[in-house]
Every structure is written in structure tokens, then in C-alpha cells.
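The chain contents come next:
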Amino acid sequence: MSPRKPGYVVPETLAEASEFLREHAEDARIIAGGTDVLVQLRRRGRAGGEHPRWLVDISRIPGLAGVSTDSGTISIGAMTTHEEIARSPIIRKGGPLLAEACASVGSPQIRARGTIGGNIMNASPAADTIAALAVLSTRVRLSDRMGTRDILITDVFVGPYKTSAQPGEVLMEVYFDALAPTCGSAFVKLGRREALAIARLSCAVVIERDDAGRVTRAAIAPGACLPMPARVESAEEMLVGKVPDEAAVDAAAREVAEEMVRRTGVRWSTDYKRPAVEAITRRAIWRALGVNVE
Amino acid sequence: MDESRWVGARVARIDAEDKVTGRLKFMSDLSFPDMLWGAVLRSAYPHALIKKIDTSKAEAMDGVVAVLTHRDVPGLNGFGIVVPDQPVLCADKVRYMGDAVALVAATTKEGAREALQAIDVEYEPLPVVDDPEEAMLESSPRVHADGNIHHHIKVERGDVDAAFRDAAVVVENTYYTPRQMHAFMETESGVATIDEDGNITVWCGSQHPFRDQLQIARALGMNPRKIQVVSTPAGGAFGGKDEITVQIYLALLALRTGRPVKIVLSREESVVAGMKRHPMKIRMKTAAAADGTLLANEVRVVGDTGAYASLGGPVVNLAIEHSCGVYRMPNVRLEGFCVYTNNGLAGAFRGFGANQVVFALETQIDMIAERLGMDKLEFRRKNALRQGDVAALGHTMTASVGTIATLDAASRCEIWARREELKAMPSAPHKKRGIGIATELHGCGLGVGLPDYGAATIELLPGGRFAVGVSCPEIGQGNTTAFAQMAADSLGCSVGDIVMVSGDSRHTLDSGTSTASRSVYTGGNAIRSAAARMREILADVAAEALGAAREEIAFGRGGVEVRSCPAGAARRLSYREIARIGEGKGRHLKAEGDFIWPVADRGLEGYFGLPHLIYSYITQVALVEVDTLTGEVEVLRAVSIPDPGRAINPAGIEAQSEGGVVMGMGYALMEDTVIEHGITKTPNFSTYIIPTALDAPEIETIIVEEPEPSGPFGAKGIGEAVCVPITPAITNAIHDATGVWITHIPATAERVYMALKEHA
């Protein structure tokens, strides 16, 4: 028998949502844009698996949508769509690589429905925004009716499609420090085609340099190739303190590829992924340095 | 008459308004009062014996109106265009995951799907046959009792061994091609209704309503006259709706329940159960003399036809016919096998066996030209067949031959003429650009030994417009617009005065399939035949009404006049007036026309369909950029140079050409239905990757016309050729860019990267 359709609840407040989610911990699932949840429900239905009993639509909870900025901090409500982020002047100025990442998601239809909160909480290793958020040192705000906790984006994930959020917790917003004008950044994605492509590999990079051109801060996060999203600090360190030249960039890119292999082990796809990750990381670093090597 | 006022003009599609306003319905939009939803229980194993089927639980469910199994098929429990070896509903054995085991009709879609899960089928799994070459071994488990080699073709001419011995260059390679999916917009879907007299109407996506009618009638054990099949122009087909899809299921359920029944396959079900392009392994050995004259070609093709025959035999036959392409090839040894496996189903698909072998051959041609240091275009020109030459299969090329004209146009197109310059300007240092060319001929029509005929009706309607009926369905390719243009010029009226009737087995005469690049040529000739008769009828009526001799009647725009009459005199009748006169006399002004395809001067004993007489020709050129660090290939520009004989509608040909280029590009770079151990791993568009609008290159279409005297207004078919040589044009361009030969498509980023690494 195919499972019956889940019930649909539309709480008006966070407290209401949180209460319901806590009460139905294993049986409830938050739905935002629905671009992942609906596909998963359909797939599960076909496989004869169990649907969640409840879908909790959080779109009416106040304060979850939109991009704002306050004394150098950019906040993005969880219900903000990829399209809004990609077009936001605030993001394009203070976190342009995130705008690039959001613009690379799926298709116009998916970007108009899918939300940043959903992209994070679905916790797909191939999510387009997460690597970008990671190099922006983004923090996410999880709230329930008891209170609020803020954690680093990379601490959200405990495994593929698994997060550290507790039952009843709702992702409210994400925030990060706007990049200084002296910062360069880039997001590079390798898909199987130009649109509607799930990332096979991606790389996000932020680099800040001093007046002498020396790197003062580097953040590098590959996407879609690690079991859990993370920055590769060993590669970042290879750039910090240097005026980056070809050798330094090559070394950092190679380190990202090696780190991937260390974390995933050698698989059938490694022969291709290792050089490909290296290539797109190198490309992302150079672009962050203002050199377009497309 | 027959002046080209409409033929050759860029006439807007006659169905454009219906399409953009949504008036034209998809099958999934159709609804009838009291309609039931049908669903198909597919096999649980790629290869298994059925021990028991118990439908009692499903039958007892609320809302379930009927559950059918093989026991409920009144007529022949089988279908198939050539041999009916595919069970309508499997009785004792399943041979692929798409095999149908039971049908359900229920009051809701969800109810029908739930009922499927309540049907108990006991299977005894059998070993899965998934490698065509292993399947050919005597020791292999048999998919069908007669063995796994469904069809074998062997053609030999000249002295191949001597030619290889004496040749200056011999290249030999093995090529692999993927299981491409038609990826039509609407899945196999339809609705069947039944009236109180038991007449059944099936609305569906179909490429030959009359053959569907026959196959349905055979399975139902019913008089075909009681069955009407109406094809929809929405949803697309590309060959994937040539064979029976859901028609028999619909008719069976309507017959059993007495109610309208609708089936819409989900995309996943369509991917698993539906037709695909034959994956082929092609061994090709080609020889040339030092002066660049091609001497010999030895070809061995193994095609994976999956669980049932459908058109697998003819596909492999056409692969053999097209394996020497446009070239003079005096010595050939060509062998093809069509092999059963448990890998889905393969059959008709735009290109019909040519795509695979033309990819192989055009790569071989580039290799030889390069070995000899010859220009690739010149090498092709030197060896191309001319009218009057004897082709590889031994028949004479008597019809129009357009290779040279398309190559000439290619030599002048910008990306070929400026290729060195364009190559030298990649967009990044790690990227490399290349330009590739490929050419082919493509057989039009069904070939020697198969009934290949056309028929058309023309009726003068009361308002003075003409209803023109041609059964070859409109499936999106635009043939009804071309038909209307040809009818307008044949009758001396405007396209707006033509009402096309298409794809309906009750309201048209059988004019065969919309496949095999045949419908414009066939339908057009039948329309011309019908129009000539219609004009005689009109002249009769007019002569009588005007009191003139029949010879005095001349046709002008929108009507007739008496020839000798001075200008301005009232001895003229419009078609509207003739219609009124006919009506007054109770005369039904209707004419029928017919047409039989001409065939080649000699056939090939035992291999029906071979060879063809009339071919369309095409050369395509691609400019690509290869990312040497990731292996990604981007097609920047493509030039497509078809020879349609005569372009009935240049805008329609451009649209076909652009669609064909993108389809052939997907074949070259991304598309493959992956089946492992009989299980489809790419069951949806998230995993089966086709090009999007953003992947499409800038495409220029240059139409070259080499009129075909036997064709209507000089036309021949172009619907398939447009998607064929672009594939090797792209892979040859990858070679031009990087030095790597692509012998295994799709040339995904991984494959290209690995090839680059090996090459370095």
C-alpha cells in the first residue's frame, strides 16, 4: 500500500511551529520552497517508503524572508529564495560569490521557489550555496520556543542529509560579515550541463589581501565532494602571508584535491575528481584574485 | 497551376495558435465523463518466470473497476511491428523491467496505483542477460526460446582482403554508442472510449494510426473497423511512439469496463518501459590508397535490442546500409547482429541506425584524411558518391545526390573558412578549440520490399475552403504546415483556405507512418495526386455552371475562369461559389489521391528495406572548446547544411535542423540511459541529462537544394538526417582541438579528461 498523503499544517508563529515540530519529532518535516521535499516525497512514495505524517509550512512565520544589512553584517531570512539572493544588491556587493552560487541553482523555476534555508537544512552534499556560505564564515540561527542558538554553517551538518538541528528547531536566518571591498571571492561549479545541473564539484573562495598584495585571509571550501561541507584550512594556510604566484595557487589547489581524497578515500571516480577539483579550485582562487582564467 | 506561391515560403505553422493558446491538448489534459484511470503493473525483475498471479486483493479494493492479466487478452497476446514477440500482458515470463504483467482501471489515479501494489505476482528469477556479445554465445541464457540473435545481416562486395593488402592506409577501431532516449515532452499516454455499439476510439501519441488500429484489433480479436485511432500533435515522438505503447492497454480496459479510460505513464515508467536508441558496438576497418581514394570498409555491428524485436532488425539493416555513408566504397564486408538482452527495449529513433555507424565512419574518415595529410573536407568531396555511381550495397544512385553541394556550402561557411583563425582564439589558456566536419546521406522511406504508399483526400467545404486529409500524423515536426502549403499551391488557393486533417484512422486514408523521413515526400505526392483529380472535378462543375467546354476552364487564384473570356467579364467562379453549386446539386466534391514509392533498381535478398533509392543529404560543422583541465566540452557554434531537395518551408527546416543539432549534441556529449544488470539507473531527467537551452550552441542552417524529380515540388525528407552527422562533427572537433580521438560516446567530461591524460 502506498502511504497516505501527509497532513499539512501552516503555523502562524515560530512558537506554534516549534511546538508542533517538537511534538511530532520523527513524523514532521518542515517545508519551505518544496523543491527538495516534494521530490523526496514522490521518490519515497514510489519506493514504497513511509512519508512523514506532517508537513509544516513555515512561510507564514514573520521575519523569515528577505536580505538586510546592519553595521556590516548581512542577514538573510531562511525563506529567502535563490532568485532574491542572486538579485540582491546587498549580496552582490557584500557576498558576490553567494549571489553566483544562488544563480547557479537549478533553473529559474527552482530558483524562484527554493530557499536558502531549505538548501541548508536539506543538507545535500551537492547543495550549491553551502560552500559559498562556508567561506563567508556564515552563522546560522536556529530557534525554538525556548530560545535561540547561533552556530557556524559547517557545524550544521552531521552527515549527508543529516543536520544537528533538534526537533522543534527552525532555521530562522543566516548572517555573515559583508566582505570588505579589498576582498576577492569566487564560486565555480562543474555540472553536467549549463542549467538544471546538480553540482558534481564546486569550489568557493574568499581572499583578502593587504596593500602589498599579501594574502591576509583565505577561505577555501570545495563543494559536492566531501562527506560534509568544510573549509580546507591546510590549503588556506598555503596562501596566507604570500603574494600569491602560480606555484602557491597550484599548491593550494592540489592540497584541496588531496584533502578530498584523504576524507573520501580512493573511489572509482577519484581518477577524474582529483584533477577536476584541483582545476576548479585553481580557477576559483585565481578568480578571487581578480584573474579570470575561465 | 503549381506555381510556388506558398511552397518555399516561410509560412507560420498552421497549428501555432492552437499550441500557444493551449487549445491543442496533451493526452494528460483529456477528460471524459465517468472516466477511469488505468495503470500498468510492470515486472519486478529483468528476467524471471512468472509462477503465479493473484489479483483478488486488488479486485476487492474500493474504486477498482477492473484488473486484467494475460487471461483477459481476447486476441493475440502479442504486438510488434515486424514480429509480435512482445506480450501485451506477460503470461509465463518477463524479459525486462518494463514488461507489463497486469492492468488496473480505477476511479482515481492514486487508487489505480495502489491497486497495482496489491497484485501478488510470484516470480522465479532467471540469470540476467545484459551483454549483447555474451548473449550471442550458445551458452548464454536465452531471452527468447529461439536464441538471442534476433537478426543477422551480412553483405559482401568486391575483394575486401585484397583491398586491405594493397592499401596505403588502413584504420581499424571499435566504437561504442549509448542508449539514447527520445525524451519527448509527453510520455506515452492516451485515453480510450467505447460507445454503446462497442466501437472503440483511442486517442494517443502515434506515428501510424492505421498500424496501431491493426495491432489493437489483433490483440482484442476485434474487427479493425470498430477501432479508431487518433494521434495527437502534442507531446512529440522521435520514433519512440512508432511501436505500440499504451494503445492496447487502453482499448482492453475500455472494452472490459465500458467506460473511458486514461493512462499517463510517469516519466520513470516511460524511461524504464519505453523504446530507446540501440546501443551499438561497432568494429570498423577502413582502407584508402595513397592518393586518398577509399578502397574498402569492413564493418561489424552488434546492436542491443533489449527484450523484444520491435524494429530492431530494420534498425540494424539500416546501420549496415549507412555504414559506408556518402562514399564510393568498391569493396565491403558488412555484418550486423541484432541481439536480445534484458536491457530495456530498443527500436525506432530518429536516425534509425545511422547515428551509430555514421559516428564511427566519419571518425574513420577523419583519421584517414589526417594520416594522408589531406584536407578533411576535400577528402570527403573526393570520395563522395555522385549521381549515377554505384553505392556500397551495389545499387545505383539514380535519385538526386546532394553531398557535393552541401560540402561546397560547408567550405564557405564562416567556422570552416576561418577555422585556423577561430582555433587560435580560445577563451582561456587551458582551453583548446577545434572545428569538426561530418556528412551523411539518409535513406528516405521504407526501402525495397516494404509496402510504402501514400494517400490523401481533398474535399471542397461549403465555405470554399478545402479539407485535406493525410494520415501521417503531425507529431510536432510541422508536416501539416508543409502539406497545407503544397495543397494550396496545387489547388491555387491560400494556406488559410486549407484545413488539415491528420493522424486519424477514421477520417483519413492510410498514408503510412510519420517516420523514416517519409511523410512530406509521401503525403505531398499523394496531395498532388488528389489535387489533380480535384481540379478535374472542379472544372467539370464549373464548366457546366458556366456553360463552357471543360478545356476552356482555367485555374486562377481562389477559383476558376473561362479561358477565352475577356478580362472583367463575369465568367469566373470562386471556390466558394463552386462549393455552393455543388451543394445545390447535392454533389459531394471530394477527391482521393495515391502514391507508391519508387524503389532502388535492386534489393538485397533476405534483408527487406534495403537499400533505399532516395536519400537526403547533409553536412554539419561544429566549433567546440575543450577545457583540458576538466574535460568539459562546449559546442560554441554549429552549422547545419541540409539538402531537402526543395525546402517546402525554410522556417520549418531551420526548426528541424536546430532541434536535430541539439539532439545530436546530447548524443555526442551527455546522453545515456544507464542500465546495470537489467535495472535502469537513470530513470528521470535529473539523472538522464539532455542539453538545455543554455547548452545549445549558436546554430546556423544553410539550406542547399538539389531538387528530387520524384518528390512533390522537388522535396525529400529531412527529419532524421539533421541529428546525425553533428555527433561526429563534434567528436572530430574535439580531436581537432586536442589530438584525442573519441571512440566512445557520450564524450562526457570524465571520458574526455581520461582520453587527454592517456594521450599526453
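Just above, that's the structure.
Residues numbered from 1 in each chain as written. Chains lettered and ligands numbered in written order. Predicted model: local features only at pLDDT ≥ 70, side-chain atom pairs only at ≥ 80, totals over all residues. Heavy atoms only, no water.

Section: the overall build of chain A
Reasoning step 1: From N to C terminus, chain A includes eleven helices and 13 strands.
Reasoning step 2: Taking the principal axes of the C-alpha coordinates as reference, chain A spans close to 60 × 50 × 30 Å.
Reasoning step 3: Of all 294 residues assigned to chain A, the portion counted as buried reaches 54%.
Reasoning step 4: A separation threshold of at least 6 residues defines the contact pool for chain A, and within that pool the share at least 24 residues apart is 62%. (Helix = DSSP H or I, 4+ residues; strand = E, 2+ residues; numbered from the N terminus. Buried < 20%, exposed > 50% of the residue type's maximum accessible area, 1.4 Å probe, protein only. Contact = heavy atoms within 4.5 Å.)

Considerations on empty space enclosed by the protein
All names here are of chain B.
Reasoning step 1: Counted by the stated rule, this structure contains seven cavities of 30 Å³ or more.
Reasoning step 2: A volume near 160 Å³ is recorded for the largest cavity.
Reasoning step 3: Along the wall of the largest cavity there are 18 residues; nearest its centre are Ile244, Thr245, Ala273, Gly274 and Leu345.
Reasoning step 4: Residues of the lining of the largest cavity, tallied by class, amount to nine nonpolar, six polar and three charged.
Reasoning step 5: Its volume calculated, the second largest cavity comes out at about 80 Å³. (1 Å grid on protein atoms, 1.4 Å probe; cavity = no way out; pocket = protein on both sides within 12 Å on 5 of 7 lines; lining within 4 Å. Points joined across faces, edges and corners; volume = space filled by probe spheres on them. Nonpolar A, V, L, I, M, F, W, Y, C, P; charged D, E, K, R; others polar.)

Examining the packing of aromatic side chains
Residues and elements named next belong to chain B.
Reasoning step 1: Applying the stated criterion to the full structure yields nine aromatic pairs over all chains.
Reasoning step 2: Centroid distance Tyr175 to Phe359: 5.6 Å. Interplanar angle 85°. Geometry classified as edge-to-face. Remark: Phe359 occurs in helix 10 (residues 354–371) and Tyr175 occurs in strand 8 (residues 169–176); sequence separation between them is 184 residues. Of the two residues, Tyr175 and Phe359, neither departs from the other in class, the shared state being buried.
Reasoning step 3: Taking the centre distance of 5.6 Å and the plane angle of 70° together, the rings of Tyr521 and Phe595 count as edge-to-face. You can see Tyr521 sitting in helix 16 (residues 519–546) and its partner Phe595 sitting in strand 25 (residues 590–596), a full 74 residues away along the chain.
Reasoning step 4: Geometry around Phe184 places Lys241 over its ring, the cationic atom sitting 4.4 Å from the centre. (Phe/Tyr/Trp six-rings, centres within 6.5 Å; stacked < 30°, edge-to-face > 60°. Lys NZ or Arg CZ within 6 Å of the ring centre and 35° of its normal.)

Let's talk about the sheet that holds strand 22 (residues 553–556) of chain B
Residue and element names in this part refer to chain B.
Reasoning step 1: Read across the sheet, three strands follow the order 22-23-24 without closing on themselves; strand pairing throughout is antiparallel. Bordering the open sheet on either side are strand 22 and strand 24 (572–574), each of which pairs with just one other strand. Across the sheet, the axes of successive neighbouring strands diverge by a mean angle of 25°, strand direction being ignored.
Reasoning step 2: Here strand 23 (residues 559–562) runs beside strand 24; their pairing, made up of three bridges, is antiparallel. Paired with Val560 across the strands is Leu573, a residue of strand 24. (Pairing = 2+ DSSP bridges. Axes fitted to C-alpha atoms, helices over the stretch in contact; angles between N-to-C directions.)

Re the environment of B:Ala749
Reasoning step 1: Within the secondary structure layout, B:Ala749 lies in helix 20 (residues 749–759).
Reasoning step 2: When the C-alpha positions of B:Ala749 and B:Met670 are compared, they lie 8.9 Å apart, and in sequence the two are 79 residues distant.
Reasoning step 3: Ignoring anything within four residues of it in the chain, the contact list for B:Ala749 reads A:Arg200, A:Tyr272, B:Thr630, B:Gly631 and B:Glu632.

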